Amino acid sequence: MVRYLSYDDTMRMDLRMADVAPPFEEAYRRIGEGTSTTQARVRLVHPPLTEGMGTGRPWDRDLRILPAMVPGMGTACRLGGTARGYGSGVLLIYWDFETMELLAVISDHLVHGVRSAAPDAPLTKYLAKENASILGVIGTGRIARWAAEAAWSQRPIKTMKVFSRDPAHREEFCAYISERLGVEAIDCGSNDEAVEGSDVVVMATATRVPVINGAALSPGCTLISNTPEELDLESVRRADRIVTTSTEEVETHVPPFQAIYDLVQSGELPRQGAYDDIADIVVGRKPGRRSDDEIIVCVNPGSGVHDVAVARFIYQRALDLGLGTDLPT
């Protein structure tokens, strides 16, 4: 039987990042050990792009496919389609790795926010200062909420400084995060105010232009970017290291991670060897944070491996709680 999990089913799970993060770290470990199979996302867009990746998002519709196979965890594929001005439809499909038995079809609306931000937990665990207590947050949407919780789950965060363009959204975010996590949430009037003095900064926005001023980063800051266009040139230039959750995805992503793409095109960043991969850090092939003054920029593109990690967690939680509807096959 195939278990169908609706949006309401996922809401009843009362998901917490402290519980979701370990499967993502385990997935990175298996990538680092060379046992996983993944492929950069397939993204079909219309109108079609005629030259390279372009800038911004010059299309009206797109179809996305993200597959991965991780021994001991499962096989998953995220299928998503979006029509600008109309919305999107996305499903997450999960198979048993050994038998390839179809196990679950999962509504992606809530799960997508969790899956998109959960990598921020291992990035924080391995790359933030041990005593990090101040978190800057740029963005106040659903992914930003999960990103803030992901970083908080790995360090003794006491204060969150929050900025987005909409004052009402900031106020709502601060009230939500204070109640959920028991932290002081400060409503900031600018992105610089949110960034200055922060030990970790997470960004998750719907912008098409940079939302951070890299000159405001403090020594020792770990900056995590979750969407392609929000990172600025100065942040990348100031970075002592760039760490990705998937180098292949960064190099092929449509739309591009614009600041990195521009610096590669100009020759300021090398085409090869510009990044460390979090999987190499998790397995010990590369070091984590090397000093308290090191500025580390982390780039988190979506990956099929993330879908395996979250699908496995959601499927097991559904079995434990008796959630979902069994479909005949």
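In this report, the structure presented in the accompanying data block is examined. Quantities reported herein were computed from a predicted structural model and do not represent experimental measurements. (Residues numbered from 1 in each chain as written. Predicted model: local features only at pLDDT ≥ 70, side-chain atom pairs only at ≥ 80, totals over all residues. Heavy atoms only, no water.)

A word on the packing of helix α2 (residues 17–32) against helix α4 (residues 120–127). Contact pair α2 / α4: the axes reach a minimum separation of 8 Å and the direction vectors enclose 75 degrees. Relative to α4, the element α2 lies roughly perpendicular. Facing α2, whose interface residues are A21, F24, E25, Y28 and R29, α4 presents A121, P122, K125 and Y126. Of the residues in the contact of α2 with α4, the class split is six nonpolar, no polar and three charged. (Axes fitted to C-alpha atoms, helices over the stretch in contact; angles between N-to-C directions. Helix = DSSP H or I, 4+ residues; strand = E, 2+ residues; numbered from the N terminus. Parallel < 35°, antiparallel > 145°, perpendicular 65-115°, else oblique. Contact = heavy atoms within 4.5 Å. Nonpolar A, V, L, I, M, F, W, Y, C, P; charged D, E, K, R; others polar.)

Closest axis-to-axis distance for the α2/helix α12 (residues 304–321) pair is 9 Å, and the angle between their directions is 135 degrees. By the angle between their axes, α2 is oblique relative to α12. Of the two elements, α2 crosses α12, and the hand of that crossing is right-handed. The segment α2 lies against α12, with D19, V20, P23, F24, A27, Y28 and I31 engaging V305, H306, A309, V310, F313 and R317. (Left-handed = near helix turned anticlockwise from the far one by under 90°.)

Moving on, we get to the state of the cysteines. One pass over the full model with this rule turns up zero disulfides. Its sulfur unpaired, C188 is 7.6 Å from the next cysteine sulfur, which belongs to C174. (Disulfide = S-S within 2.5 Å.)

Attention shifts here to the nonpolar core. Residues L127, L135, M160, I278 and I314 are the most contacted members of the largest nonpolar core, which totals 68 residues. Looking at this core element by element, the count peaks at nine residues for α12. Once residues within four sequence positions are removed from consideration, L127 is found in contact with T222, R241, V243, I278, I281, G288, R289, I296 and C298. (Core = buried A, V, L, I, M, F, W, Y, C linked by side-chain atoms within 4.5 Å. Buried < 20%, exposed > 50% of the residue type's maximum accessible area, 1.4 Å probe, protein only.)

Once that is clear, we can look at the side chain of S116. Turning to its location among the elements, S116 is positioned in helix α3 (residues 109–117). A relative accessible area of 12% means that S116 is categorised as buried. Of note is the side chain of S116, whose polar atom sits 2.8 Å from the backbone oxygen of H112. Setting aside anything within four residues of it in sequence, one finds S116 in contact with I143, N226 and N300. (Polar contact = N/O pair within 3.5 Å; in protein donor to acceptor, adjacent residues only side chain to side chain.)

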